[in-house]
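Okay, here's what each chain looks like letter by letter:
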Amino acid sequence: MYQIVSDGSCDLDQSLMNQFHIHVVPFYITTDNEHYQKEKEDLEVHEFYQFMVDHKDVFPKTSMPSIEDYIKTFTPILENQEDIICICITTKFSGSYNSAMNAKMMLDEKYPERQITIIDATVNTVLQGLLVIEAAQMKEAGYQYDEVIQKIENIKSSGRIFFTVGNFEYLIHGGRIGKVAGVAAKTLGIRPLIVLHDGEIFAMGVTRGREKSKKKVLDHTVKYFKDNQLSPNDYRFCVGYGYDQQEGEKFKESLQEVMLQAYPDFHEPILIQQIGATIGVHTGPYPIGVGILKKYDL
């Protein structure tokens, strides 16, 4: 027996966490650098985005879960004579993995008969969520502890997020883009196109206007499958959105349409989840994009 644990960067709805019996250790959010609130427990994600929309000159920050937070989550599982597989946000974005590892080392002495494995997801947000769900589905399918770990390690590098944001402001503030490029972007009114893989974000280009940038994200998604001669039916899909749920729903419909146009036999269901604060503090309130991950059972 074992349990699947993740940190709050996985951005899974509570209904999915309940459905797959996933334990989540939340991140902290601060809007004043003094008072920290647990995401989803003390401050809902929609409240976080509403604050950003209402206070455009304030840049919230997040803080990783502490060692104690992980110990509190791990201990009842271990007391129940169960092992743990914990999937954490990429170490290139946060030290959450280190907190989990320190908690593991402290608990290993107290529970020497139990296994605790900490995995660097090398991804984050809705893509991390897909990885966590894959682990949970393997558990439901009866896979053994070591098999799940090996398959997660095998598929995590297949993950990609293609996305855009509302403007450059938060990327500039977070040091994710040069100040000079940011000034030029604001002057020209262009929007960045970004891809995340292997724990890093890379520029895919720029475009003008929100609608054009969303279309480019969809084009890049299709192009990725075409260029690499991959079947989209071998992958899980998730649309991630920020403040505007209605925009996210329409974007999901557009993704379904372009995938069917390019691949008439496309039949993979598309999940949709709200991007949480861990990434939202860097993107601002209007991130939107597509996460893809290879299925474990191929």
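In what follows, the structure referred to is the one given above.
About the cut-offs
Residues numbered from 1 in each chain as written. Predicted model: local features only at pLDDT ≥ 70, side-chain atom pairs only at ≥ 80, totals over all residues. Heavy atoms only, no water. Core = buried A, V, L, I, M, F, W, Y, C linked by side-chain atoms within 4.5 Å. Buried < 20%, exposed > 50% of the residue type's maximum accessible area, 1.4 Å probe, protein only. Helix = DSSP H or I, 4+ residues; strand = E, 2+ residues; numbered from the N terminus. Pairing = 2+ DSSP bridges. Axes fitted to C-alpha atoms, helices over the stretch in contact; angles between N-to-C directions. Contact = heavy atoms within 4.5 Å.

Quick look at the nonpolar core
Link 1 in the chain: The biggest cluster of nonpolar side chains holds 47 residues, and the ones touching the most others in it are Leu-12, Phe-48, Ile-85, Ile-87, Leu-131 and Ile-152.
Link 2 in the chain: A per-element tally of this core places helix 5 (residues 125-140) first, with nine residues.
Link 3 in the chain: Counting residues in each nonpolar core, the second largest holds 22 residues, with Val-217, Tyr-224, Met-259 and Tyr-263 among its members.

Describing the sheet that holds strand 3 (residues 28-30)
Link 1 in the chain: The three strands lie next to each other as 4-3-5, forming an open sheet whose pairing is antiparallel. The sheet is open, and its two borders are formed by strand 4 (36-38) and strand 5 (61-63), each paired with just one other strand. Averaged over all pairs of adjacent strands, the angle between strand axes in this sheet comes to 35°, irrespective of strand direction.
Link 2 in the chain: Pairing analysis gives three bridges linking strand 3 to strand 5, with the strands arranged antiparallel. Bridging from a neighbouring strand, Ile-29 pairs with Thr-62 of strand 5.

Here we look at the sheet that holds strand 1 (residues 2-7)
Link 1 in the chain: The parallel open sheet is built from four strands, whose spatial order is 2-1-6-7. Every other strand in the sheet has two partners, leaving strand 2 (22-25) and strand 7 (116-120) as the edge strands with one partner each. The mean inter-strand angle of the sheet, taken between neighbouring strand axes irrespective of direction, is 25°.
Link 2 in the chain: Where strand 6 (residues 83-88) lies against strand 7, five bridges are found, and the strand directions are parallel. Bridge pairing in strand 7 links Ile-87 to Ile-119.
Link 3 in the chain: Of the strands in this sheet, strand 1, strand 6 and strand 7 touch helix 4 (residues 96-110), which is tilted by about 170° from strand 7.

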